[in-house]
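Topology and contacts: notes
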Amino acid sequence: MFNVPTLIYDGSCGFCKRCISYFQRFQRKHINYIPSEKAQYLMDSPSKKEMDESVYFYNEGAFFKGAEAISELYAVGAKKKHWKWMYNRVFGVKFLAELGYVCVSKNRKVLSTVTRLLYGKFEQKSEGVDRLHSRVYANSKETGFSEDVVYQSRIETYVIARSLFFRGMGLVYLLAFGSLLFQVEGLFGSQGILPISSYVGKIVSASKEWSFPSLFLIFNSDTFLITATVIGVISGGLMIFGILPGITSFISWMLYLSFVTLGQNFMSYQWDVLLLEAGFLLLFFVPWGFSIFNKPTKKPSRLVLFMLKLLLFRLMFTAGLVKLISGDYTWKTLTSLDYHFYTQPLPHFISWYAHQLPEYIKKIGVGFTFFIELVVPFLYFMPRRPRHFAFFLTTLFMVFIMATGNYGFFNILVIVLSFVLLDDFFILSKLPNRIKSLIDLRYRVVEEGVICKYLIRIVVCCLLVPMTYMECARFVTDRLIVPQSVQFLGGISQHFRLFSPYGLFAVMTKERKEVVIQASVDGDVWEEYEFKWKPGDLASAPKWAFPHQPRLDWQLWFSALSSIENNSWMYSYFARLIQGSDPVLSLMGPSPFGDKKPKYIQAQLYDYTFTEKDDMKGTGYWWKRTYLGSYSPALQLSQ
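Residues numbered from 1 in each chain as written. Predicted model: local features only at pLDDT ≥ 70, side-chain atom pairs only at ≥ 80, totals over all residues. Heavy atoms only, no water.

Here we look at the overall build of the protein chain
The helix and strand tally for the protein chain stands at 29 helices and ten strands. Taking the principal axes of the C-alpha coordinates as reference, the protein chain spans close to 110 × 55 × 55 Å. For the protein chain, the residues scored as buried account for 51% of the 639 residues in total. Summarising the internal contacts of the protein chain: among those between residues at least 6 apart in sequence, 76% fall at separations of at least 24. Just so you have it, the protein chain exposes about 29700 Å², and 62% of that area is on carbon and sulfur atoms. Here the protein chain contributes 67 positive and 49 negative side-chain charges, whose respective centroids are spaced 8 Å apart. (Helix = DSSP H or I, 4+ residues; strand = E, 2+ residues; numbered from the N terminus. Buried < 20%, exposed > 50% of the residue type's maximum accessible area, 1.4 Å probe, protein only. Contact = heavy atoms within 4.5 Å. Areas by Shrake-Rupley, 256 points an atom, 1.4 Å probe, with all protein chains shown as cover. Lys, Arg positive; Asp, Glu negative; His and termini not counted. Charge placed at Lys NZ, Arg CZ, Asp CG, Glu CD.)

A look at the pairing of strand S4 (residues 62-65)
Sheet topology places strand S3 (residues 56-59) next to S4; four bridges connect them, and they run antiparallel. Pairing of Phe57 across the sheet is with Phe64, part of S4. Here S3 hands over to S4 after two residues, with Glu60 in that stretch at a positive phi of 50 degrees. (Pairing = 2+ DSSP bridges.)

A closer look at helix H12 (residues 222-240)
Over its 19 residues, H12 extends 28 Å from the first C-alpha to the last, a length consistent with the 27 Å expected when each residue adds 1.5 Å. All buried positions along H12 are accounted for by Leu225, Ala228, Thr229, Gly232, Ser235, Gly236, Gly237 and Met239. Close packing links the buried residues of H12 with helix H9 (159-181), helix H10 (184-188), helix H11 (196-205), helix H13 (245-262) and helix H14 (270-283). Trailing H12 by a residue or two, Gly242 shows a phi angle of about 75 degrees, which is positive. (Expected span 1.5 Å × (residues − 1).)

Brief notes about the sheet that holds strand S10 (residues 623-635)
Strands sit in the order S8-S7-S9-S10 across an open sheet of four strands; the sheet is antiparallel. On the outer flanks of this sheet lie strand S8 (527-528) and S10, each paired with one strand and no other. Where strand S9 (residues 600-610) meets S10, nine bridges bridge the pair, whose relative direction is antiparallel. Along S10, the bridge assignment pairs Ile601 with Leu635. Of the strands in this sheet, strand S7 (512-520), S9 and S10 touch helix H27 (residues 569-579), which is tilted by about 85 degrees from S10. (Axes fitted to C-alpha atoms, helices over the stretch in contact; angles between N-to-C directions.)

Focus: the confidence of the model for the protein chain
Residues with a pLDDT of 70 or more make up 90% of the protein chain, whose mean pLDDT is 86. Predicted confidence for residues 123-155 stays below pLDDT 50, and this span has 85 contacts to residues more than four positions away or in other chains. (pLDDT = per-residue confidence, 0-100.)

Considerations on unusual backbone geometry
Across the junction of Phe546 and Pro547, the peptide omega takes the value 0 degrees, indicating a cis bond. Its location among the elements puts Pro547 in the loop between S8 and helix H26 (551-559). Despite not being glycine, Leu244 has its phi angle at roughly 45 degrees, a positive value. Its location among the elements puts Leu244 in the loop between H12 and H13. Even without being a glycine, Arg497 presents a positive backbone phi close to 55 degrees. Within the secondary structure, Arg497 sits in the loop between helix H25 (484-495) and S7.

Considerations on the sheet that holds strand S2 (residues 32-35)
The pairing of strands in a sheet comes from backbone hydrogen bonds and takes either a parallel or an antiparallel form. With respect to topology, four strands assemble into an open sheet ordered S2-S1-S3-S4, the strand pairing being mixed. In this open sheet, the two strands that pair with only one neighbour each are S2 and S4. Each strand axis lies, on average, 20 degrees off the axis of its neighbour in the sheet, ignoring direction. The sheet contact formed by strand S1 (residues 6-9) and S3 spans three bridges and is antiparallel. Bridged to Leu7 within S3 is Phe57. Packing of helix H4 (residues 66-77) onto the sheet brings it into contact with S1, S3 and S4, and relative to S4 it is tilted by some 120 degrees.

Points about empty space enclosed by the protein
Overall, the coordinates contain three cavities of 30 Å³ or more when judged by the stated rule. Of the voids in this model, the largest cavity is the one considered here, and its volume is about 60 Å³. For the largest cavity, the full set of lining residues is Val515, Val516, Ile517, Glu528, Tyr529, Glu530, Phe531, Lys534, Pro535, Gly536, Tyr608 and Arg625. A per-element tally of the lining of the largest cavity places S7 first, with three residues. (1 Å grid on protein atoms, 1.4 Å probe; cavity = no way out; pocket = protein on both sides within 12 Å on 5 of 7 lines; lining within 4 Å. Points joined across faces, edges and corners; volume = space filled by probe spheres on them.)

Description of the packing of H9 against H14
The interhelical angle for the contact between H9 and H14, taken along N-to-C directions, is 140 degrees, at an axis separation of 11 Å. Accordingly, the angle class assigned to the pair H9 and H14 is oblique. Crossing handedness for the pair H9 and H14: left-handed. Only Leu275, Ala278, Gly279 and Leu282 of H14 make contact with H9, whose side of the interface consists of Phe165, Phe166, Met169, Val172, Tyr173 and Ala176. Across the contact of H9 with H14, the residue classes tally to nine nonpolar, one polar and no charged. (Parallel < 35°, antiparallel > 145°, perpendicular 65-115°, else oblique. Left-handed = near helix turned anticlockwise from the far one by under 90°. Nonpolar A, V, L, I, M, F, W, Y, C, P; charged D, E, K, R; others polar.)

Structural notes on the side chain of Thr318
Mapped onto the elements of the fold, Thr318 is located in helix H15 (residues 302-325). Note on Thr318: relative accessible area 5%, which makes it buried. Within the local environment of Thr318, its side chain forms a polar contact with the backbone oxygen of Tyr502, the two atoms lying 3.4 Å apart. (Polar contact = N/O pair within 3.5 Å; in protein donor to acceptor, adjacent residues only side chain to side chain.)

Quick word on the nonpolar core
Counting residues in each nonpolar core, the largest one holds 138 residues, and the members touching the most others are Phe165, Met169, Phe188, Tyr256, Phe259, Leu552 and Tyr573. Those residues in contact with Phe165, other than ones at most four positions away along the chain, are Leu282, Phe285, Leu308, Val416, Leu417, Phe419 and Val420. Core analysis: the next-biggest nonpolar cluster, separate from the first, contains 21 residues, Ile31, Phe64, Leu73 and Tyr87 among them. (Core = buried A, V, L, I, M, F, W, Y, C linked by side-chain atoms within 4.5 Å.)

So, in structure tokens, the structure goes:
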């Protein structure tokens, strides 16, 4: 009757069409799909009514019906024989499978409505957007019907989404290295606050080189540090244009890992390790050719796609979870935004206006935060429409954060990570026709190689195992018995920053303590140092630094939360100020001493808060402050 395996289905059933679309993702062998309306002209048995009520699969002279037909279809078309083996060999599976099939078959209209809500409107014809990823099968000469692409799935392709994610990561790398370029000498140079060359000497003397993977173990001169940031900027720029995706991704990741590994206090923020974790997964997600759109291009790995979604889930969900389990009163009473806008590390002028919002709006904002961080992350793993909704809400949340605070490239990085929630059809449907015409719809998408596929599985397994143990130990119990092999994998992951715990603002800071640094030439008259970004002068409006991240200003905010004994790096910082180090002074505002060098230095602690509207009108001050006491005694260089 048929010379090729053939599936007969109800052509008027939208649910059946969607199921075929889903199956074509796994298909490895040619299958001829015949709607029951056409099949009735080719054979007398089974009847049209029987074909409408159940799916039939023909293979090698035998007909299979219902759940058995589905198991045979997977065994033949997708070469997945475990379902067929379970159906025929495992007791009870056949009965349950057929019972489930009958339930589904009788409720196909309801299921079709549900899938339409989850996946969107179904299109039978394969238009331009679908040709981007379509598999074209040979015409069936045996039936006389031309079925080139039957019902091509448009909801599970991520080639263009991968391109957007890759280019977005290039933008993040460019911003990260570009921001670091103007600070690298002052932070890590030979005349900087924490010279990398001195830190390398300590590592080498302790024989711990293997715990610090970094290029700067070998080359750490000021010139090389600057060169590394410039190369990082260039590499990020090439990524934006989609050039040499594999090589540029590796260069950017390796250079940034080198800085984070030896950057000590100034490179220890959560978005630094987030960028490294996303950058490492990117190495296995992009094609290693000249362009991000090679011809033919490799199909994006679904396993890596899952890991990227899991990374985004961990970032967002744990941020909400730590707020709940911390027991912080402000989060419980939805009053955290009463403090957040002026106590965050680097507010800007819009933060002042946000602080003046009515109480009920700020409580709504806290409730929205909990919804975004605790509910929305579960939508990341759902079908296309819930995922698109999650992308919109996550992006909106990041825009709100950007609009009310300076967080460097963090918010852009989260939005870029959210690109993996979008499928190609959705992206192209939102682009103007001029941009659509620039996308080549003629190239073929081919499966990834066997070696690459198994390499990705090994890497993901090596990441998931220690990750699972660490997260369980963090949130469930700390009494887990961890095998030596898992400890070894965990150690490697930590050294290379392949996995990191997340959870921002678990406890809301209710006071803003600021370290005000003063210096003197004679020990009697003290002058305050001003900074480019952090609060100082009461009449100066909080400044907008985005997307630049001033790491010295950020670290001084953390230092104010504890004593100077817990921030030993500040002694080196004070010494550079007395020495008049130009790279360090370039990180700050104009020196109150001009070309002179102070002899004494000290730090005072103040409590800063935003002024209210009436105070602003009367005084013109954005801030008001209260003296809390001495942060450090007066010091001289010899001390």
